[in-house]
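If you want the building blocks of each chain, they are given just below.
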Amino acid sequence: MAVPDKYVAGQSTGTPFETGETKSVVVTAEALSAASGYEGDSITYTATVKDESEGPLPAAFVVDLEIDSTKVVTAQAFDVAVYDQATSLLTLVFTVPAAVGTFTVKLVWAEQLI
């Protein structure tokens, strides 16, 4: 009868692997410069936008501003023209679309890897 081979316990040297951090976006203090308007009026939307650890978002972060499902600002990056990194204040100006009624103005964003 043949004696089986014996393999000792051990481990490989390994290979580097890095994981990224997943962050949530927190929007507070949403406000409009006017509570109502007419088609063609310019309205300013403001909000404080941070990550869950109270940090500002990167300039490459992109959002849409919608009135219900109608996009009034599309693919807006958080560049210095609209986002203050020091205060996390976002300021977007939009034009009231041709719709009559009561609507919700909201910020919308997709999952982003920045």
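Coordinates for the structure precede this section.
Residues numbered from 1 in each chain as written. Predicted model: local features only at pLDDT ≥ 70, side-chain atom pairs only at ≥ 80, totals over all residues. Heavy atoms only, no water.

**Student:** What am I meant to see in unusual backbone geometry here?
**Tutor:** Peptide bonds are trans in most cases, and residues, glycine excluded, mostly fall at negative phi. Here Ala-29, not a glycine, exhibits a phi torsion of approximately 55°, which is positive. By secondary structure assignment, the location of Ala-29 is in strand β1 (residues 25-32). The phi dihedral of Asp-68 is positive, around 55°, even though this residue is not glycine. Topologically, Asp-68 is positioned in the loop between β3 (62-67) and β4 (70-77). Residue classification places Asp-68 among the partly exposed positions, given a relative accessible area of 31%. (Helix = DSSP H or I, 4+ residues; strand = E, 2+ residues; numbered from the N terminus. Buried < 20%, exposed > 50% of the residue type's maximum accessible area, 1.4 Å probe, protein only.)

**Student:** Would you mind going over the nonpolar core with me for this structure?
**Tutor:** For soluble globular proteins, the rule of thumb is that nonpolar side chains tend to be buried together. Within the largest apolar cluster, 20 residues are counted, with the highest numbers of intra-cluster contacts made by Tyr-45, Val-49, Leu-65, Phe-78, Leu-90, Phe-94 and Leu-107. Of all elements in the fold, only β2 (42-51), β3, β4, β6 (89-95) and β7 (105-108) reach the threshold of two or more residues within this core. Residue contributions to this core peak at four residues, all from β2. Apart from the residues within four sequence positions on either side, Leu-65 is in contact with Tyr-45, Thr-70, Lys-71, Val-72, Val-73, Leu-92, Phe-94, Val-105, Lys-106 and Leu-107. (Core = buried A, V, L, I, M, F, W, Y, C linked by side-chain atoms within 4.5 Å. Contact = heavy atoms within 4.5 Å.)

**Student:** Explanation requested: the sheet that holds β4 in the structure shown.
**Tutor:** Backbone-to-backbone hydrogen bonds pair the strands of a sheet. The strands run either parallel or antiparallel. One open sheet accounts for three strands, arranged β4-β3-β7; its pairing is antiparallel. Of all strands in the sheet, those with a lone pairing partner are β4 and β7, marking the two edges. Ignoring strand direction, the axes of neighbouring strands in this sheet form an average angle of 20°. Inspection of the sheet shows β3 paired to β4 by five bridges, in the antiparallel sense. Pairing of Glu-66 across the sheet is with Lys-71, part of β4. (Pairing = 2+ DSSP bridges. Axes fitted to C-alpha atoms, helices over the stretch in contact; angles between N-to-C directions.)

**Student:** So what exactly am I meant to see when it comes to the sheet that holds strand β5 (residues 83-84) here?
**Tutor:** The strand order across the open sheet formed by four strands is β1-β2-β6-β5, and the pairing between neighbours is antiparallel. Looking along the sheet, the strands with just one partner apiece sit at the ends: β1 and β5. Note that β2 and β6 share seven bridges and pair antiparallel. In the strand pairing of β6, Thr-48 is matched with Leu-89.

**Student:** Can you walk me through the pairing of β6 in this structure?
**Tutor:** The side chains of a regular strand alternate, first on one face of the sheet and then on the other. Burial along β6 is one-sided: Leu-90, Leu-92 and Phe-94 are buried, while Leu-89, Thr-91, Val-93 and Thr-95, pointing the other way, are not. Direction of pairing for β5 relative to β6: antiparallel, over a ladder of two bridges. The residue bridging Tyr-83 from the neighbouring strand is Leu-90, located in β6.

**Student:** Before we go on, may I ask you to explain the side chain of Asp-64 in this structure?
**Tutor:** Tracing the backbone through its elements, the reader meets Asp-64 in strand β3. At a separation of 3.0 Å, a polar atom in the side chain of Asp-64 contacts the side chain of Lys-71. (Polar contact = N/O pair within 3.5 Å; in protein donor to acceptor, adjacent residues only side chain to side chain.)

Just distances and angles here, no functional claims.
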